[in-house]
Every structure is written in structure tokens, then in C-alpha cells.
Amino acid sequence: MTQGPRKRSGSGSSGGDCQSEPLHAQSGDGKDAGANSGVALKKQIGLVSACGIVIGNIIGSGIFVSPKGVLENASSVGVAIIVWVITGVITAIGALCYAELGVTIPKSGGDYSYVKDIFGGLAGFLRLWIAVLVIYPTNQAVIALTFANYVLQPLFPSCLPPENGLRLLAAVCLLLLTWVNCHSVRWATCVQDVFTAGKLLALGLIIIMGVVQICKGHYYWLEPVHAFETFQDYDVGLIALSFLQGSFAYGGWNFLNYVTEELVDPYRNLPRAIFISIPVVTFVYVFANVAYVTAMSPQELLASNAVAVTFGEKLLGVMSWIMPISVALSTFGGVNGSLFTSSRLFFAGAREGHLPRLLAMIHVRRCTPIPALLFTLISTLLMLCTSDIYTLINYVGFINYLFYGVTVAGQIVLRIKEPDMYRPIKVSLVWPVIYLLFWAFLLVFSLYSEPVVCGIGLAIMMTGVPVYFLGVYWENKPRCCDITIGKMTHLCQKLCLVVYPVMEENVEPPPGDEEDEKSIQTADGTCT
């Protein structure tokens, strides 16, 4: 965990410090990444692919398989739909705050980079630590296992697929998509675009079938008198839990901020992708749930282990096979999106010296962060070998949500500390305050309702404190350690054919772009 590569100006030579850092970048590759020479990350993610990353990472298997968490705690169909709408609006507000941070601190790494720059190295490291240790490996393992389950289920119609078969197919899925991501950024974004379009088409089919049902008069549970008919007594605690479940369903809305440096014209495309994607996801989530209750009663929906499959069996007849295939395709695209974005988080952490510096290197020709991708793959494969994946997710879900609020609070802190800092987008402080009030409500309720689970999550996070002081803060390590790490890094560089990328120091857009950026701000500085 020694210090990563130093930032260099776009016009500087890439050959500096060649004696202290082996196999440095040579000029000629990756010029379109913004540097005049040297290997660098390429800006290949356009607006469509950016939207694909946001939508594809939010919409996983949950809306197809088990959207019942919200309904179960909301106690009625009407309240559940209101919860889906409100959580979508709150997610949009959070994304708006992240949009300002993303163009103010235009570095890959998302909330890790923002927390580190605003609150210091230890806070940023703890965000990175919990992500590296548990969050992304477990999430990717669960999505891959869901993919494997829906692929193998038709082969085992009368029983559950064998556990070893599920894990093996999940591993194959991870290996294939890691290879795609290592080979080319363009290939990875194409896969994301195709599978995101596929899952939107499948959800579009569900919504259309729901509209057909309504036209046929099947809207019993949508009539106000029945929509708010409770199947259990309303309870404030359960309503709060339904909001928490809804917020988790929108998870992934911040993933585009992890790849800021690879966006084409991030000052325009980052906020535009967010402003397009979040309303699309909210629309799809709300009307997919409306469609479900046109074909199923709340009791049937709660009893189903795969809501979309049950929906398809009721309405699609011989074409009901479309639904399980849609779930499999959705999860396949979800694995790809998670691998793509989480590897950039680890890349950013290594570049700041918070992870082994090898992870901050990219391939000399393909300009992909191969070591970070392999690290992501290995950590996820290890998670496939454990039987406690879901337990770990429960423990750290609270911590993940905690850092959303810390990051948005950082936006307010940065306004106070750096009032004159260049901000292509400047939202009204009313929005982060609204988000933080909602966030605090859910956080306090989580601590009250599940203190042990939250306490264990905090304990897991705090194990990063000694690691930070030993691996990052302690700079004068024994020479033998530095030599050993250097030799291992050099060997891995040769095996992976990777070098440090050239990084630009100037993060402001060209002067000609400033007038264009002003067009998306109103007179009071709020975003339109």
C-alpha cells in the first residue's frame, strides 16, 4: 500500500522517475485520454453508454424477482406505490448532489474520492476498505449466483439446481465478463448497452401487459378504496423499513461517478446521464409494480419467489419463458456493470496510495485497468466460496448507506471551505439538506431496529483503521518491505504488461466550454 503514481500534467513527459518506478509509460498510447503523451485512460464512454451504466447498475434482478420487500412493510398497495415514488425522488435528489460533486472533483472513484478530498485520507480509506472487503465482492457474487440460478432452473424443473453447479456457472460468468472488460472498454460498454436495452424491453413488456390488464378492467387493487386496504395494521416502524427497502432497490445510482475520467465531456454527460437515467428507472419501477398488481393480489405477490415469472405464467401463456430469460440477461448485464465500475474504484484507491500501487496501472495498448479488474475478480470468486454472503450483505448495507449521507454532507462542507471553487453545476443547498433529513431518518431507524447488525457493520468498517495506519500513514517502512513489494510489483507489471497512466492536473474544461455550462444553470445557481 505504498504511494501510487504522481499526477502529471497533460503536456509533461511520461518518462520521469523511471529509476524509482519500473516500466513507466512510453509515449504514443492513449493520447485521446487527454494527455499529449504516454499511456492513459481513454475517454470512450458517451452519453448513451453513461445512461446504460446508471440504469444497468440500478436495475438488477430485484424488480423481476422480489419487489415484495416494499409491499410487505408498506401494508397496502397504495402506500407501497407512494414509497416507490418518494424513494425515486430522493434518489434523484442524491444523484443531483453527486452530479455537482462529480464535475467539481472530476476524478474517478466516486464517493471515495469525494470523501477523501473533503474529510481526509482516513475517512476515504474506510469507505474504500468496506467496499473492497465486503460490499462489491458480495454484491457481484450474489448477482452472478442469481444469473446462474435462472439459467440452470429450466434444466431442473422438479428440484433446485445443485449448489456446486450454481457456483461454477457464476464463476464462468465472472471470468467471461472480466476478460471482456480487460480486453476493451468499448466492448464492456457495448455489453452494458445491449443488456440494459434488453432489461428495459422486458420491463416495458411487463408495463404494456399491465396497461392491457387495466384496459380490460383488471384494476381492482388500483382503485383508491382497495389500494389502501391493509393486509396488516399500519406501523411507523414498518413504513420506515419499506422506505429503506425502496432506497436499497435504487442502489447503483452513484456508479457513474466511479468512471468520471473515462466519460466523453464529463461536464455535460455526467449530469445529463443522471438526469435521464433516474427518472427512467423511477418510471419503470413504479409502473412495473402497478402492472404486477393488475394480475396478482398482494397476497399472491408476497407468496411468489419470482414475481416476474409468476406474472408471465399468468399473462404470457406459452411465451412465459421470456421472463426467466429476462432475469438471466438482466443479472448478466448487472455483473458486467458492477465489474466495470468497482474496478475503477479500486484503481482510484491505488492511485491515491490507499491500495497496492499495482492496481493503479493500465495495459500499455488496451488502456484498461487489468490489475484492478483481476483483483475484483479474485475477491468475488473468494466470496463464491463462502456460505455467508447474504449475512455479510446485511451487515454492511447500513455502512454503504451511511457513506451516501457522508458524501452529500461533504457537498455542504466543500461549499463552506471552498466557496470560490469552480463548479460547472451548482445546485441549491436545499437539495442536500432534504436528502440528509431523509437519510438521517432512515439511519436512526436502522440503528433503533437492528442495533446488533448495524454495530457489526461498524465494527467491520473500523477494522480498516489499523490497516490505514500500518499500510498508508506509516511511510518509513523497513527497506526490505519496500524492496519485496517493488519486486512483486515489477513482476506483475511484466505479466500483465501494465504501466502507470498519465494523469492530467488541470481539471477545468476548456475556456470555450464555460458558456455552454452556464446554460444549464439558473440565475440563482440551481440546476435546471
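Because the structure is predicted, anything quoted here is derived from the model rather than measured.

J.: Kindly report on the environment of Ile425, identifying the contributing residues and their values.
T.: Tracing the backbone shows Ile425 in the loop between helix 16 (389-417) and helix 17 (430-449). Taking the C-alpha atoms as reference, Ile425 lies 9.3 Å from Gly102; in sequence the two are 323 residues apart.

J.: Please provide a residue-by-residue account of the packing of helix 4 (residues 77-104) against helix 11 (residues 266-295), values included.
T.: Taken N-terminus to C-terminus, the directions of helix 4 and helix 11 make an angle of 170°; their axes are 10 Å apart at the nearest point. If you check the angle between helix 4 and helix 11, you find them roughly antiparallel. Across the contact of helix 4 with helix 11, the residue classes break down as 20 nonpolar, 5 polar and no charged.

J.: Which residues make up a nonpolar patch on the surface, and what values go with them?
T.: Residues Val318, Met319, Trp321, Ile325 and Leu329 make up a contiguous nonpolar surface patch of about 500 Å² in total accessible area. Note on placement: Leu329 falls in helix 14 (residues 322-351).

J.: Quick rundown of helix 1 (residues 47-58)? Include the residues and the values.
T.: Compared with an ideal rise of 1.5 Å per residue, which puts 12 residues at 16 Å, helix 1 spans 17 Å between its outermost C-alpha atoms and is within 8% of the ideal. Of all 12 residues that make up helix 1, 10 are buried, and the element is covered over most of its length. For helix 1, the set of buried residues is Ser49, Ala50, Cys51, Gly52, Ile53, Val54, Ile55, Gly56, Asn57 and Ile58. Its buried side turned inward, helix 1 meets helix 8 (185-215), helix 10 (236-249), helix 11 and helix 14.

J.: Kindly report on the nonpolar core, identifying the contributing residues and their values.
T.: Ile59, Phe64, Ile206, Leu256 and Tyr435 are the most contacted members of the largest nonpolar core, which has 142 residues in total. The contact partners of Ile59, leaving out residues within four places of it in the chain, are Phe64, Lys199, Leu200, Leu203, Val281, Val284, Tyr285 and Ser330. Residues Cys182, Leu358, Cys496 and Tyr500 belong to the second largest nonpolar core, which totals 8 residues.

J.: Tell me about the packing of aromatic side chains, and name the residues and values.
T.: For the coordinates displayed, the defined rule picks out 24 aromatic pairs. Centre to centre, the rings of Tyr250 and Tyr285 are 5.0 Å apart; their planes meet at 55°, and the pair counts as tilted. You can see Tyr250 sitting in the loop between helix 10 and helix 11 and its partner Tyr285 sitting in helix 11, a full 35 residues away along the chain. The exposure class of Tyr285 is buried, given its relative accessible area of 3%. Taking 5.2 Å as the distance between ring centres and 55° as the angle between the ring planes, the aromatic pair formed by Trp253 and Tyr404 counts as tilted.

Rules used throughout
Counting restarts for each chain: residues are numbered from 1 in the order of the written sequence. The predicted origin of the model limits local features to residues at a pLDDT of at least 70 and limits the giving and counting of side-chain atom pairs to 80 or more, whereas totals for whole chains, interfaces and linings rest on all residues. To get the side-chain values, all heavy atoms of the structure are used, and hydrogens and water are removed first. Numbering of helices and strands runs from the N terminus, with a helix taken as a DSSP run of H or I at least four residues long and a strand as a DSSP run of E at least two residues long. In this analysis, axes come from line fits to C-alpha atoms, helices being fitted only over the stretch in contact, and the angle between any two N-to-C directions falls in the range 0 to 180 degrees. For this classification, under 35 degrees means roughly parallel, over 145 means roughly antiparallel, 65 to 115 means roughly perpendicular, and everything else is oblique. Amino acid classes used here: Ala, Val, Leu, Ile, Met, Phe, Trp, Tyr, Cys and Pro are nonpolar; Asp, Glu, Lys and Arg are charged; the rest, including Gly, are polar. The residues that make up patches have over 30% relative accessible area and no salt bridge, and they are joined within 9 Å when like-charged or within 5 Å when they are Val, Leu, Ile, Met, Phe, Trp or Tyr. Methods summary: accessible areas were calculated by the Shrake-Rupley approach with a probe of 1.4 Å, and residue burial reflects only the protein chains presented. The salt bridge criterion pairs a side-chain nitrogen of Lys or Arg with a carboxyl oxygen of Asp or Glu, the two atoms within 4 Å. Multiplying 1.5 Å by the helix residue count minus one yields the expected span of that helix. For each residue, the accessible area found with a 1.4 Å probe, counting protein chains only, is set against the maximum for its type, and the residue is called buried under 20%, exposed over 50%, and partly exposed in between. By the convention used here, residues are in contact when the closest approach between their heavy atoms is within 4.5 Å. By convention a nonpolar core is built from buried Ala, Val, Leu, Ile, Met, Phe, Trp, Tyr and Cys residues, the set being connected through side-chain atoms within 4.5 Å. Planes of paired rings set the category: under 30 degrees apart is stacked, over 60 is edge-to-face and the rest tilted, where pairs are Phe, Tyr or Trp rings (Trp by its six-membered ring) whose centres lie within 6.5 Å.

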